[in-house]
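What follows is each chain in one-letter form.
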Amino acid sequence: MKYKRILLKLSGEALAGENQTGIDAQRLEQYAQEIEKVVQEGIEVAIVIGGGNIFRGVETVGTGIDRVQGDYMGMLATVINGMALQSSLESHGLFTRLMSGIKMEQVCEPFIKRRAVRHLEKGRVVIFGAGIGSPYFTTDSAASLRAIEIEADVVLKGTKVDGVYTADPETDLNATRFSNISFEEVYSKGLNVMDMTAFTLCKENGLPIIVFDMNTPGNLLKVVKGEEVGTLISVD
Ligand code: UDP
């Protein structure tokens with residue numbers, strides 16, 4: 001295995017499956033199966049999940065809901081997704097902990113770095129909910145920050161696209177995929193990997209990112225083994 005401790009970032013939108021919103025049971029089950037495969041190999045797995053399938057702070061524009069309020073609503077949405085994922089993983093017999101950036105003792109633990117690391121060392125899958133607990137951030141930023149805090153080896157951004165392309169592959173037929181690219185090149189080419197806050201955090205801390213297609217069964221395990229799947233973004 002190339003990586004021992006991973007931070008897997010899953011978007012909320014992906015959890016909606018073919019639907020625009022909500023949680024798709026099949027997709028949830030598929031993700032649990034993928035995660036189970038890597039846990040069985042002894043990999044320490046931390047997960048940050050988004051909330052876009054339920055609510056995004058930016059969507060409050062023109063609704064009469066204040067932006068900051070909306071962001072907190074988005075953070076709560078990530079906790080809902082985290083709870084769903086936690087249950088699904090537990091139905092596979094995995095041990096899990098949901099840790100939140102916003103205190104809500106009845107449903108999850110508060111995020112405490114040392115506790116998170118201890119859970120991982122004990123083989124528990126740790127899900128980080130509520131982003132970083134502050135408005136005006138995204139769950140990509142939470143993924144980068146938590147990954148640095150728990151000293152993960154890599155951030156794995158599981159998406160529906162199989163990597164970083166020269167242009168948007170959905171609109172440009174000539175777009176080609178990078179298998180490796182440096183942080184600097186991503187900046188200079190203006191490519192969209194994560195939002196800039198999240199991306200810069202990884203760059204400044206030398207934390208590699210792999211963007212890969214999470215919807216292809218077996219891909220997560222391949223990535224962890226170091227097989228050439230998706231796009232690796234690193235210092236060199
Ligand atoms: N959010 C926030 N601070 C954080 C993480 C998330 O305010 O640290 C809010 C923000 O409104 C965001 C929403 O939660 O739009 C859902 O997260 P995100 O959009 O990152 O989810 P994804 O796009 O991955 O589904």
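Keep in mind that this is a model prediction, so the values were computed, not measured. (Residues numbered from 1 in each chain as written. Predicted model: local features only at pLDDT ≥ 70, side-chain atom pairs only at ≥ 80, totals over all residues. Heavy atoms only, no water.)

Engineer: In this structure, what is going on with the sheet that holds strand β6 (residues 154-159)? I would like to understand it.
Structural biologist: Strand order in the open sheet formed by nine strands is β4-β3-β5-β2-β1-β6-β8-β9-β7, and the pairing between neighbours is mixed. Where the open sheet ends on each side, the last strands, each with one partner, are β4 (109-110) and β7 (180-182). Summarising the sheet, strand β8 (residues 209-213) and strand β9 (residues 231-234) pair through three bridges and their orientation is antiparallel. Within the sheet, the bridge partner assigned to Ile-209 lies in β9 and is Ile-233. (Pairing = 2+ DSSP bridges. Helix = DSSP H or I, 4+ residues; strand = E, 2+ residues; numbered from the N terminus.)

Engineer: Can you walk me through the side chain of Lys-157 in this structure?
Structural biologist: Relative to the assigned elements, Lys-157 resides in strand β6. In this structure, Lys-157 is in contact with Lys-9, Asp-140, Val-193, Met-194, Ile-210, Val-211 and Phe-212, ignoring residues within four places of it in sequence. (Contact = heavy atoms within 4.5 Å.)

Engineer: Sorry, what's going on with the site of the ligand here?
Structural biologist: In the vicinity of the ligand lie 21 residues, with Gly-12, Gly-57, Asp-71, Ser-134 and Thr-139 positioned nearest. Here Asp-71 contributes a side-chain N or O atom positioned 2.5 Å from an oxygen atom of the ligand. Contact with the protein chains covers 93% of the free accessible surface of the ligand, which is 520 Å². Those elements that place two or more of their residues in the shell around the ligand are α1 (12-15) and α3 (67-91). (Near = heavy atom within 4 Å. Polar contact = N/O pair within 3.5 Å; in protein donor to acceptor, adjacent residues only side chain to side chain. Areas by Shrake-Rupley, 256 points an atom, 1.4 Å probe, with all protein chains shown as cover.)

Engineer: Help me understand the UniProt feature "binding site: ATP" (unreviewed entry) in the chain, please; the structure alone is not making it clear to me.
Structural biologist: On the UniProt side, "binding site: ATP" (unreviewed entry) is annotated at positions that read Lys-9, Leu-10, Ser-11, Gly-12, Gly-52, Arg-56, Thr-159, Tyr-165 and Asp-168 here. Across 160 residues in sequence, these annotated residues place their C-alpha atoms as far as 25.6 Å from one another, rather than forming a single compact spot. One can find Lys-9 in strand β1 (residues 5-10). Looking at Lys-9, the relative accessible area reads 5%, which means it is buried. Positionally, Ser-11 belongs in the loop between β1 and α1. (UniProt positions renumbered as here; feature names shortened; annotations may be inferred. Buried < 20%, exposed > 50% of the residue type's maximum accessible area, 1.4 Å probe, protein only.)

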